[in-house]
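This is what each chain is made of:
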Amino acid sequence: MDNGEIIVGIDLGTTFSLVAYADAAGPHIVRDEHGDGRVPSVIGVTPGTGNRPPQVTIGWTARAHAVENPQATVYSVKRLIGKGVADVHEDLPYLSYAVAAGPRDTVQIDINGRRYTPEEISALILRELRERAEKHLGVPVRKAVITVPAYFDDAQRQATRDAGRAADLEVVRIINEPTAAALAYGIGVRPESTAAKTPRGHVALPMARCTSESGGALDQTGQTVAVYDLGGGTFDISILRLEEGVSQVLSTAGDTHLGGDDFDRAIINLISHEIRERFGVSVSAPATKQALRTLAENTKIRLTDHDQAEFELDLGRDRVYRRVITRAEFEGLVAPLVERTITLCEHALKDAKLHSADIQQAILVGGCSRIPLVRKRVGELFSRPPYTALNPDEVVALGAALQAAILSGQRTDMLLLDVIPLSLGIETMGGAMGKLILRNTTIPCRATEMFTTFVDGQTAIQLNVLQGERELARDCRLLGQFELRGLPPMPAGMPKVEVEFLIDANGILNVAAKELRSGQAASIQIVPNHGLTRDEVDQITRDSLRFARADLDAHRRIDLLNQVEFDTQKTVQMLAKVGHLLDDADRVRIDHDIAALRQFAQETKDLDELYRRLTAFGHSTLRLAELGIREAFKKGT
Amino acid sequence: MAPTETERQRQGAPAKCAACAGPMDSPLFCDHCRSLYPADGLNHFELFGLAPTYDIDPALLRQKYLQVSRGVHPDYHSTGDSSLSLHLSAQLNEAHRVLADPVLRAEYLLELVGGKSAKEDKSVPPEVLSTALLLREEIQEARTAGDAAALESRGAQARAVYERTLATIAELARQMPGDERSRARLRTALNSIKYHQKLLTEL
């Protein structure tokens, strides 16, 4: 390995994130002690009390407390990264946390008056993954390959890279999720027998496991495959040619705003509507929104394996909403979403100049690809049962680890050739979009364009760089304004400025300019849209440096103690609220558990044991937590 | 005078790596020491070691493309000269894009032999324009009326016109460099097929 330095692969997902690494035996997911590789992409901020500063919780803990702490629990931040408020207005009614407009058309998250950028939130998740990998590998981790949806535009890719930097990671490569999955598939990664059994947790969600039936034999000599990736927040379809160790993407299509969240929302909308009709109350309190979100997610997951899901919501004052949702009804609700993905598959096929019959394998990726209707429709489109032998939650991280192995020089038997998902161009006179690089062009790629001046002595030219497929500039995404400066003063029309647009292997744009008559390079000032300036990224990195430099164990101890304090305090509060619903014996046991855990936390030096006890505590108070969720419903509506 | 390195490559003589003196199959990289060389002055065909003709074997082009990609791609040069690797890779991808497409390949051949560009000669036969215009109207009418059968038959017509023009282009491109007349005819056919392509994308 180059310099002996490890590069990890990270799947930074909307709902879950994973970290993986590769060694001589192949790629491996870094798992927790329960065998689960997934870290929920959820951040919780508990308000500071007295002289205690606000605390940040990440992953399962934050997720478990989402209902009690709705306005300070951030999830699905991937849907916000690299976007402006106008882009995400459809999401806002479903978010239980507050979102505000930031500078340069960015989105910010407001928690107890403190503004967080999506990059900052993502950096917290990345940091957690990095620490998880460091703990497992026993060496510092400074470099990562991070995956993004293939359909992410330049702003979203840059923002993801900035989040990595803010987490003190050198992002050596951004790769596309479906391509990563194809890489893992291409080398014949087999499902691990040690796969996770139960997710850890205070509120254990029944997650459907990947079934092991496969849609066909794995043939590695020259085949054309489709990777259908329906994740928590985004959808991608990529058509690839796998041949002689090269995985070449022929075309890609997608929607960065179509995923499991939208399937959940279909259920949420149904329930809110019926509650309003029947009881005349509207579901708007943050805690209720959050609880409803959890309920919808569980219902969706249950309907994967069962024909119906039944639930009951106690709305207080003798109002009980009971409902059975059948799979058929659910499928009716989400059919339009599934059809949208099928239409996008057809677009991708057309762009690849292929027909569905040319596809030899349809590989399913992403948690939502478990939905039976999705499998059915994908199977129908490609006239074959989809390939499902790989765990759809883990295959992307495994692919990222493989790409990391390529970049570190560990593997030289594979190569990825990806494409740019959206056309790139500049705004021309009259507000049209002048395309310079067409979508689905293999990256790296390059285009040059000549510019000149309109006024005598003009020394600067401004360009609006756009991404999108529409004819008019205003319908495309403005990536930023590029100002070419330092042109030698000449009569109007004399300067010949050659501007080079170079898309690197990350799918990120680099611009260079040269005045050809003088041979002088023009400097470029970039004002990014929907993103952070370099200074802002540096600031976040500085803010978080104290974590990075801190002794890992000491840091972990502080985190664990805070978690113990947080969990026990929450349990005490919950006991006060809903304790009367428990048996006396249970109450006494929990009281005792609280005291025992607190005492152990103060005395012990064995952090692993403390962690085990904290987790056990979470399990033993599960019933109480569930009662708390129900209570939140009564309060919220 | 001794031929320059580039000329020697054009003549098909085996080149030697300046770094390790090993033989080089590709003008761009050395398979032994992985050194990279700029592709200055090499045309798209030369990048792949192919003769500049219209009829190229797609399988051979693809094989060469993958082979050279493996040699120069930034993934394999993350520590060395990453800028050269990036530019070579971009150039290779562009060359492959052009040569793999029959229309772009003909256009490129015309450029190589000094034919006029689309900007310099915009001529399109009037009957091409009127046919395209008529077909477009009929397609739109069929679509508005929801007449699937008419849409299908107009679509087939548009594809047939496209195929015919493509056959003309192929025939002329095979004659390159040809004479001024054949170059002008190729130019006109290339201008015409843009209208047919546009029709097909609208279907």
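The model shown is predicted, which means the values in this text are computed figures rather than measured ones.

J.: Is there a simple way to think about the side chain of Gln458 of chain A in this case?
T.: Residue and element names in this part refer to chain A. Following the sequence through the fold, Gln458 ends up in the loop between strand E22 (445-451) and strand E23 (461-467). Here the side chain of Gln458 touches Val455 through a polar contact of 3.1 Å, landing on its backbone nitrogen. In this structure the side chain of Gln458 is engaged in a polar contact, spanning 2.9 Å, whose partner is the backbone oxygen of Ala460. The residues touching Gln458, leaving out its near neighbours within four places in the chain, are Thr453, Leu487, Pro488 and Met490.

J.: Help me out: how do you make sense of the packing of aromatic side chains in this one?
T.: Centre-to-centre distance and the angle between the planes together describe a pair of aromatic rings. Residues and elements named next belong to chain A. Tallying each qualifying case throughout the model produces seven aromatic pairs over all chains. Taking 5.3 Å as the distance between ring centres and 80 degrees as the angle between the ring planes, the aromatic pair formed by Tyr75 and Tyr97 counts as edge-to-face. One end of the pair, Tyr75, is in the loop between strand E7 (73-74) and strand E8 (98-102); the other, Tyr97, is in the loop between E7 and E8, and 22 residues separate them in sequence. Note that Arg38 overlies the ring of Phe16, its terminal NZ or CZ placed 4.3 Å from the centroid. When the ring centre of Tyr611 is taken as origin, the NZ or CZ atom of Lys135, which lies over that ring, is 6.0 Å away.

J.: Honestly, the nonpolar core in this entry has me stumped. Any pointers?
T.: Nonpolar side chains in soluble globular proteins tend to end up buried together. Within the largest apolar cluster, 79 residues are counted, with the highest numbers of intra-cluster contacts made by Leu28, Phe48, Val72, Leu92, Leu99 and Leu186 of chain B. Broken down by element, this core gets its largest block of residues, eleven residues, from helix H9 (residues 395-407) of chain A. Within the second largest apolar cluster, 47 residues are counted, among which are Ile237, Phe263, Leu303 and Phe311 of chain A.

J.: Mind showing me how you'd approach the interface of chain B and chain A here?
T.: One frequent convention defines the size of an interface as the accessible area lost when the parts assemble. Contacts between the two partners involve 19 residues from chain B, matched on the other side by 29 residues from chain A. Both sides together, the interface formed by chain B and chain A hides about 2000 Å², and carbon and sulfur atoms give 54% of it. Considering only the side of chain B, the residues that lose the most area to chain A are Arg70, Asp75 and Tyr76 of chain B, jointly responsible for 29% of the buried surface there. On inspection of chain B and its partner chain A, the count reaches two salt bridges. The interface formed by chain B and chain A includes ten residue pairs in polar contact (both at pLDDT 80 or more). No other element matches helix H4 (residues 82-100) of chain B, which puts six residues into the side of chain B that touches chain A. Of the residues that constitute the side of chain B that touches chain A, the class distribution is seven nonpolar, eight polar and four charged.

J.: Looking at this structure, how should I read the packing of helix H3 (residues 58-72) of chain B against H4 of chain B?
T.: The relative placement of two packed helices comes down to the angle between their axes together with the axis-to-axis distance. Residues and elements named next belong to chain B. At a minimum axis separation of 10 Å, H3 and H4 run at an interaxial angle of 170 degrees. Judged by the angle between their axes, H3 and H4 are roughly antiparallel. For the pair H3 and H4, contact is made by Leu61, Tyr65, Val68, Ser69 and Val72 and by Ser85, Leu88, Ser89, Leu92, Asn93, His96, Leu99 and Ala100, respectively. In terms of residue class, the contact of H3 with H4 is built from eight nonpolar, five polar and no charged.

Thresholds, definitions, all that
- Numbers given to residues run from 1 along each chain, matching the order in which its sequence is written.
- Each chain gets a letter, beginning with A, and each ligand a number, beginning with 1, in the order they are written.
- Predicted model: local features are reported for residues with pLDDT of at least 70 only, side-chain atom pairs are reported and counted for 80 or more only, and whole-chain, interface and lining totals are derived from all residues.
- In computing side-chain properties, one takes all heavy atoms of the structure into account and sets aside hydrogens as well as water.
- Think of it this way: any DSSP run of H or I at least four residues long counts as a helix, any run of E at least two long counts as a strand, and we number them from the N terminus.
- We call two N or O atoms a polar contact when they sit within 3.5 Å, provided that within protein one can donate a hydrogen and the other can accept it, with sequence-adjacent residues counted only if both atoms are side-chain atoms.
- Whether two residues are in contact is decided by their heavy atoms: any pair within 4.5 Å suffices.
- A pair of aromatic rings is counted whenever rings of Phe, Tyr or Trp (Trp by its six-membered ring) have centres within 6.5 Å, and the orientation is called stacked for planes under 30 degrees apart, edge-to-face for over 60 and tilted otherwise.
- Counted as over-ring charges are cases with an Arg CZ or a Lys NZ within 6 Å of the ring centre that also lie within 35 degrees of the ring normal.
- Here, nonpolar core refers to any group of buried Ala, Val, Leu, Ile, Met, Phe, Trp, Tyr and Cys residues whose side-chain atoms link them within 4.5 Å.
- Whether a residue is buried, partly exposed or exposed follows from its accessible area with a 1.4 Å probe, protein chains only, as a fraction of its type maximum: under 20%, in between, or over 50%, in that order.
- Using a 1.4 Å probe, buried area is obtained as the accessible area two parts lose upon being combined, added over both of them.
- Criterion for a salt bridge: a side-chain nitrogen of Lys or Arg within 4 Å of a carboxyl oxygen of Asp or Glu.
- Only Asp, Glu, Lys and Arg are considered charged in this grouping, and only Ala, Val, Leu, Ile, Met, Phe, Trp, Tyr, Cys and Pro are considered nonpolar; every other residue, Gly among them, is considered polar.
- With axes taken as lines fitted to C-alpha atoms, and helix axes fitted only over the stretch in contact, angles between N-to-C directions fall between 0 and 180 degrees.
- Note on terminology: angles under 35 degrees are roughly parallel, angles over 145 are roughly antiparallel, angles of 65 to 115 are roughly perpendicular, and the others are oblique.

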